[in-house]
Amino acid sequence: MTSDNPVINERPVLSKNTSTTHYELPIEGMTCASCAGRIEKLLSGLSGVNSVQVNLATDSVHIELSDDVAINTVCAAINNSGYAVAEEEFQLNISGMSCASCVGRIEKALNKLSGVRAVSVNLAAEAARISAIKNHLNISQLIAAIKDAGYTASSVDETEAGVDGSLQSSQGEAKTKTSKESRHLMIAVALSAPMLLGMIFSVFGLDLMPPPWLQFMLATPIQFWLGARFYRAAWFALKARTGNMDLLVAMGTTASYGLSVFELFSQYLSQNTQQAMGHYYFEASAVVITLVLLGKWLERRAKHQTTAAIQALQALRPEVARVRASNKDSDVAIEAIQAGDIVVVKPGERIPVDGTIVEGGGHLDESMITGENMPTYKSVGDAVVGGVINTDALLLIKTTAVGTETTLARIIRLVESAQAAKAPVQRLVDKVSMVFVPVVIAIAIATVVGWYLHNGDLQGAIINGVAVLVIACPCALGLATPAAIMTGTGVAASHGILIKDAQALEIAHNITVVVFDKTGTLTVGKPSLREYIACDNDSKHLLALAAAVQQGSDHPLAQAVLNQAKAQQITAIEASELKTLAGRGVSAIVQERLLILGNTRLMKESGVSLASLEQQAQDLENDGNTVSWLAELGDAPSLIGLLAFGDEIKPSAKSAIERLQNKGIKTLMITGDNEGSARAVAAKLGLQDYIANVLPDGKSEEIRKLRSANTIVAMVGDGINDAPALAAADVGIAMATGTDVAMHTAGITLMRGDPDLIADAIDISRRSYQKIRQNLFWAFIYNLLGIPLAASGLLSPVVAGAAMAFSSVSVISNALLLKRWKPKA
């Protein structure tokens, strides 16, 4: 039974009487009492649900849930039933992370919060994205949970995230942190240099090591001042009953430093001058900390380069625009501009907003948005996007979108989203990282015990254990995947290829079949009326009737008819009761006659004989034209005539298909056009197969059939009717020249309508995934080889520290090689 009572609890609170929790869940998709009853019946049948009240008026459901049942179980049940629990997304900047174990710990802490649906923490971006049930959590609760886990977090303002990104919001903080790290590194180098030089010269038989007390004085500030960050992070890790890289460094260097201090004071107290010049390990602890600081400094510089694409996009947005009002121009802050304002853009300036040109015409450099190097000519009536450069004319632009709704802002959001997302392979790495540190500590303890039992040398045993702790590096594991994803998606975006998420990037490298929509994807998408043949030879009257039926429609074929009628100076005939017949055509009442205009399927369904013009239609279709028929319905349906439309094939379509086929990828076309037209286009382009006469809702079914044959299918389209097929494919690829619906559905968006970019998108995906595999291979092999070598006593702590620092830097440097990638399109 549904209830329209007001909501009792805005957020989950514990019940006073029993161990249950009350939740108020906002629901999307309810339209009637039947929906409410269905949800109530569904939830009432779940184990652990004590009571359910669905409120259709507020689109919410109030439930009382046993504490041993997770709220996410209820949410999943609602989502699987065809409705959705409303969610909101939070973005946080996080500082204090040092390795993959930190990522796992933060995700674990956030996932413990009731109402959190999904968490993705990115080590390379030092950021987190959290999806939660709407109105159940606030940003303070998330920050507090991260703080309890031992890290610091700050919110990313929604507007700032959408336009300038989380990277820019923390830019000042990042510069300050980098400056501080640089100072600490220089001090560490200065203090450790005498001991490092002494250690190097000792290899050549020269004893230049500073006296023990000077070593102690040099190593102590490094250990407890410059190395304090490791102790703080290690303490928080222990409080959270977990481990991280900082814990390993703190344990290893403390053991080395503590052993040296013990030896120094023991010899001083015993007055044993014979042993006073014995070997100490101050240089090991000092140099290891210095090397780790060096590694972190290099790592931060390399991370900064992985975000270069976002920073370049952010730089495209002007801070001020010139607005014309009452024939006067004035400079206005970009945030103050509103839709409808007229913006004046002089030659050489960047266009500050999305809009439509109302005066002037000239060439625009759109390379940073679309990747197209040649300037594009735009004139009155053409749409323009903010961030592009006006090269040679004075333009007046009417603003249509500002702030977070501009194309540039949406591109930045897409790239940030892709860079923050986790690739499926990273999930496995995170699981390994969670147990990595405890396993390493166990190996280090076993090393100390083993060596001591073997030769009784406690000092040597401890030093070998220190080497194990220091060389183990979960950092490289944590950076391997996100560094490659951030660099790959960034360089792709700079060339007009927007990859929405890491999953699309990972799947795209395995694509085996690419399915093309025809109109607007392989063709220009601006068909023209090439032939119109009337059964009574009165072609002018045929065109007048067709124009009457098509008036008011924005379909490309309708526009072609209206343009031709206008060119022939044909006066429009009044029409009424205009109707769209999905996937078939249109109908209307014209001069008291019921007319239909559409494809062959519509004619057959309506009982219209096409025999009189069938041969002409066949010839036109064989030439690649799309044929539509005009008929009158009544007691005896009769054919009035046919109209043949032609659409120019895009210049790069054939080369794009050849490139895909050279990569071993099968290409086929799916279209609603007739068999003859589809066959002609497929032959011209060299497509391996085609499927014709497919209704819009049938495209997705054809995609599912292809996927059932154990193939990885990519669907390329640009229209609203392509959206279901884009969603049904393993990877949807949308042309940005098409509709927003297609772009939102697709995993990859091409910012210019060039089919050649499809092969480039697959190429950058393959190269990025190759870098991910290389990075993971080296990260795992490094640890698999380094830890046994350290445990066997073949590596000193100093060498181990240098290797650890090198591993993280090498992983990021390898990923940065992707910045050299260039599309062939």
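Before reading further, recall that the structure is shown in the block above.
Report follows, based on the coordinates. Computed from a prediction, not measured in an experiment: that's the story for all the values here.

**Some points on the packing of aromatic side chains**
Per the stated rule, a full pass over the model turns up nine aromatic pairs. Relative to tyrosine 231, the ring of phenylalanine 224 lies with its centre 5.9 Å away and its plane at 15°, an arrangement referred to as stacked. The exposure class of tyrosine 231 is partly exposed, given its relative accessible area of 27%. Ring geometry for phenylalanine 777 against tryptophan 778: centres 5.2 Å apart, planes inclined by 75°, an arrangement best described as edge-to-face. Accessibility expressed as a relative area gives 46% for phenylalanine 777, which makes it partly exposed. Judged by relative accessible area, tryptophan 778 falls into the exposed class, the value being 54%. Grouping aromatic residues by their ring pairs yields a cluster made of Trp213, Phe216, Phe224, Tyr231, Tyr257, Phe265 and Phe282.

**Comments concerning the pattern of salt bridges**
The final tally for this structure, using the stated rule, is 16 salt bridges. Between lysine 705 and glutamate 702 there is a salt bridge whose closest N-O contact spans 4.0 Å. Of the two residues, lysine 705 and glutamate 702 both sit in helix α26 (residues 696-707), three residues apart, roughly one turn of that helix. A salt bridge links arginine 767 to aspartate 763, with the nearest nitrogen and oxygen atoms 3.0 Å apart. In this pair, arginine 767 and aspartate 763 are both assigned in helix α29 (residues 756-791), four residues apart and thus about one turn of the helix distant. Its relative accessible area of 40% is what places arginine 767 among the partly exposed residues. Given the relative accessible area of 13%, aspartate 763 is considered buried. Among the charged side chains, a network of salt bridges with common partners joins Arg659, Asp756 and Asp760.

Calculation rules
- Residues numbered from 1 in each chain as written.
- Predicted model: local features only at pLDDT ≥ 70, side-chain atom pairs only at ≥ 80, totals over all residues.
- Heavy atoms only, no water.
- Phe/Tyr/Trp six-rings, centres within 6.5 Å; stacked < 30°, edge-to-face > 60°.
- Buried < 20%, exposed > 50% of the residue type's maximum accessible area, 1.4 Å probe, protein only.
- Salt bridge = Lys/Arg side-chain N within 4 Å of Asp/Glu carboxyl O.
- Helix = DSSP H or I, 4+ residues; strand = E, 2+ residues; numbered from the N terminus.

Taken by themselves, the reported measurements are silent on function.
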